[in-house]
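Residue strings, one per chain:
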Amino acid sequence: MTTLYALGSGSRGNCFAVSCHGATLLIDAGFSAKEIQRRAAVAGLMLDEVVGIALTHEHGDHACGAARLARLLDVPVLTAPGTWERLCAAMEGAEHRSLGFATPAVAGPFRVRACRTSHDAAEPLALVVEAPDGASIGVAYDLGRPTAAVRYLLRGLTAVVLEANHDDVMLRTSGYPPSVQQRIAGAGGHLSNRAAAELLAEIHHDGLGVVVLAHLSQRCNGAGEARATVEPVLRRAGFRGALHVALQDAPLSPMPVFAPERAQMALDF
Ligand SMILES: [Zn+2]
Ligand SMILES: [Zn+2]
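All values derive from a computational prediction rather than experimental measurement.

J.: Give me the lowdown on the overall build of the protein chain, citing residues and values where you can.
T.: Within the protein chain one finds 10 helices and 14 strands. Projected onto the principal axes, the alpha-carbon positions of the protein chain cover approximately 50 × 45 × 35 Å. The buried share among the 269 residues of the protein chain stands at 56%. Summarising the internal contacts of the protein chain: among those between residues at least 6 apart in sequence, 65% fall at separations of at least 24. Accessible area for the protein chain stands at about 10,900 Å²; split by element, carbon and sulfur atoms hold 53% of it. Of the side-chain charges in the protein chain, 23 are positive and 26 negative, and the distance between the mean point of each set is 4 Å.

In C-alpha cells:
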C-alpha cells in the first residue's frame, strides 16, 4: 500500500512524502533538514528509506532543506534543469536527475511525471508520483492559474495535493495593498479556494480517494474556510474519499492511498 505524508505546507515551508514497499520519495524540502527530520519522526516516516527528493521549484519554502538533506541521505534530486541551475551551487556533491514534461524521472521504485506551472520561478513544475502498487499522487501548488497542462497532468490520479491558497473575500479585506493582492491572485501567484474547488470538481473520477488542500495563506485563509469552499463542490462532483487540509506547523497523520482496484473495492464494500 502507498502512504502519503504531509509534513507541513504553507508560505513558511512545504514538504510531502510518498512511501510504498519500504521506499520513500520526498516531495519538496522547504524546511531545514533538521526540521524535516523532526517532523518525519513525529509522523512516523523513516528517512533512511528515502530514495530521492523531487523539487517543484527553487523558492525557499520548497527547497531550503534540499541540499543538506540530499547530502545527509545520499540521494538524488529530481527537478527541472532550470531549477537545478539556481540551486546547484549549494547542491555540491548531490546528483541531479532531470525532470520535465517530456522527461519523466525515476528514483527507486517511483516514476515521476511533471509539467510546467504558471509561477514566478525559473522552471516550476507540478508533479505526479507513480508508486509501484499502481497508486498515483499529484502535487500542484504555487499555481498562478490552472493551465491546460496542469489540468491534464492531474487527471486519473488516486490522490491529489492541491493549492487552496486564499479565500477571495479574506484576500480583499486582508489589508494588503491592491498591487500585492493582484500579484497573489494573478497568473504568477496562487490558486484561490474557489479555483481549487473548480479544478478538483473537473478532475474528479471514481478512483480519486484522497485530496489534500495545501499552501494555505496564513493571513488570507483558514482550514475551515478552505474546506467550506471546496468540500460541497467536491462532494457534488461525486467524491467519496478523504479530504484533508495540510497544516503549516505540524504534520498530518499518514494518509493511506489505495491503488485503483483497491479504491474501487473500498467504495464497493
Ligand atoms: Zn514559489
Ligand atoms: Zn510556495
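J.: Can you tell me about the layout of surface pockets, naming the residues and giving the values?
T.: A volume near 340 Å³ is recorded for the largest pocket. Taken together, 20 residues form the lining of the largest pocket, with Ser11, Asn165, Arg183, Ile184 and His190 sitting closest to its centre. It is helix α7 (residues 178-185) that provides the largest number of residues to the lining of the largest pocket, a total of 3 residues. Split into classes, the residues belonging to the lining of the largest pocket amount to 4 nonpolar, 11 polar and 5 charged.

J.: An account of the coordination of the zinc ion (ligand 2) is needed here, citing residue identities and associated values.
T.: When four donors bind a metal tetrahedrally, each ideal donor-metal-donor angle is 109.5 degrees, and when six bind octahedrally, the ideal angles are 90 or 180 degrees. Protein ligation of the zinc ion (ligand 2) involves Asp61 (OD), His62 (NE2), Asp142 (OD), Asp142 (OD) and His215 (NE2), the donor distances falling in the range 2.1 to 2.7 Å. As a motif over one chain, the donors of the zinc ion (ligand 2) read D-H-x79-D-x72-H. A gap of 3.6 Å separates the zinc ion (ligand 2) and the zinc ion (ligand 1), which Asp142 links by coordinating each metal. Here His62, found in helix α2 (residues 60-63), pairs with Asp142, found in the loop between β10 (136-140) and α5 (148-153); they are 80 residues apart in sequence, far enough to count as distant. Classification of Asp142 as buried rests on a relative accessible area of 2%.

J.: An account of the sheet that holds strand β2 (residues 15-20) is requested, with residue identities and associated values reported.
T.: Spatial ordering of the open sheet is given by β6-β5-β4-β3-β2-β1-β14, a layout of 7 strands whose pairing is mixed. Edge positions in the sheet fall to β6 (96-98) and β14 (255-257), since each has one partner strand and no second. Neighbour-to-neighbour, the strand axes of this sheet turn through a mean angle of 25°, independent of strand direction. In the sheet, strand β1 (residues 2-8) pairs with β14 via 3 bridges, with the strands oriented antiparallel. Bridged to Thr2 within β14 is Val257. Contacts between helix α1 (residues 33-43) and the sheet are confined to β1 and β2, with β1 contributing the most and set at about 130° to the helix. The strands touched by helix α3 (residues 66-73) within the sheet are β3 (23-27), β4 (50-54) and β5 (77-79), with β4 carrying the most contacts at an inclination of about 160°.

J.: Account for the coordination of the zinc ion (ligand 1), naming residues and giving values.
T.: Only His57 (NE2), His59 (ND1), His119 (NE2) and Asp142 (OD) from the protein coordinate the zinc ion (ligand 1), and they sit 2.1 to 2.2 Å from it. His119 gets classed as buried once you look at its relative accessible area, which sits at 11%.

J.: Let's hear about the packing of α1 against α3: which residues, and what values?
T.: The geometry of a pair of packed helices is captured by two quantities: the angle between their axes and the separation between those axes. With their axes 8 Å apart at the nearest point, α1 and α3 run at an angle of 65° to one another. If you check the angle between α1 and α3, you find them roughly perpendicular. Taking contact as the criterion, the partners of Ala33, Ile36 and Gln37 in α1 are, on α3, Arg68, Leu69 and Leu72.

J.: A description of the nonpolar core should follow, citing residues and the corresponding values.
T.: Note on soluble globular proteins: their nonpolar side chains tend to be buried together. Within the largest apolar cluster, 34 residues are counted, with the highest numbers of intra-cluster contacts made by Leu4, Phe16, Leu99, Phe110, Leu127 and Val212. In this structure, Phe110 is in contact with Val18, Ser19, Cys20, Ala23, Thr24, Leu25, Val51, Ala105, Val129, Glu130, Ala131 and Pro132, ignoring residues within four places of it in sequence.

J.: Tell me what's going on with the pattern of salt bridges, and back it up with residues and numbers.
T.: In the structure shown here, the tally under the stated rule is 13 salt bridges. Of the charged contacts in the structure, one is a salt bridge between Glu35 and Arg38, with a shortest N-O distance of 2.9 Å. Linking Glu35 with Arg38, this pair stays in helix α1, spanning 3 residues, or about one helical turn. Among the salt bridges present, the one from Asp168 reaches Arg194, with a minimum N-O distance of 2.9 Å. Note that Asp168 is positioned in helix α6 (residues 168-172) and Arg194 in helix α8 (residues 193-203), a separation of 26 residues in sequence. In this structure Arg194 comes out as partly exposed when scored by relative accessible area, which is 47%.

Cut-offs used in this document
- Residues numbered from 1 in each chain as written.
- Chains lettered and ligands numbered in written order.
- Predicted model: local features only at pLDDT ≥ 70, side-chain atom pairs only at ≥ 80, totals over all residues.
- Heavy atoms only, no water.
- Helix = DSSP H or I, 4+ residues; strand = E, 2+ residues; numbered from the N terminus.
- Buried < 20%, exposed > 50% of the residue type's maximum accessible area, 1.4 Å probe, protein only.
- Contact = heavy atoms within 4.5 Å.
- Areas by Shrake-Rupley, 256 points an atom, 1.4 Å probe, with all protein chains shown as cover.
- Lys, Arg positive; Asp, Glu negative; His and termini not counted.
- Charge placed at Lys NZ, Arg CZ, Asp CG, Glu CD.
- 1 Å grid on protein atoms, 1.4 Å probe; cavity = no way out; pocket = protein on both sides within 12 Å on 5 of 7 lines; lining within 4 Å.
- Points joined across faces, edges and corners; volume = space filled by probe spheres on them.
- Nonpolar A, V, L, I, M, F, W, Y, C, P; charged D, E, K, R; others polar.
- Donors = N, O, S within 2.8 Å, 3.2 Å for Na, K, Ca; no water.
- Pairing = 2+ DSSP bridges.
- Axes fitted to C-alpha atoms, helices over the stretch in contact; angles between N-to-C directions.
- Parallel < 35°, antiparallel > 145°, perpendicular 65-115°, else oblique.
- Core = buried A, V, L, I, M, F, W, Y, C linked by side-chain atoms within 4.5 Å.
- Salt bridge = Lys/Arg side-chain N within 4 Å of Asp/Glu carboxyl O.

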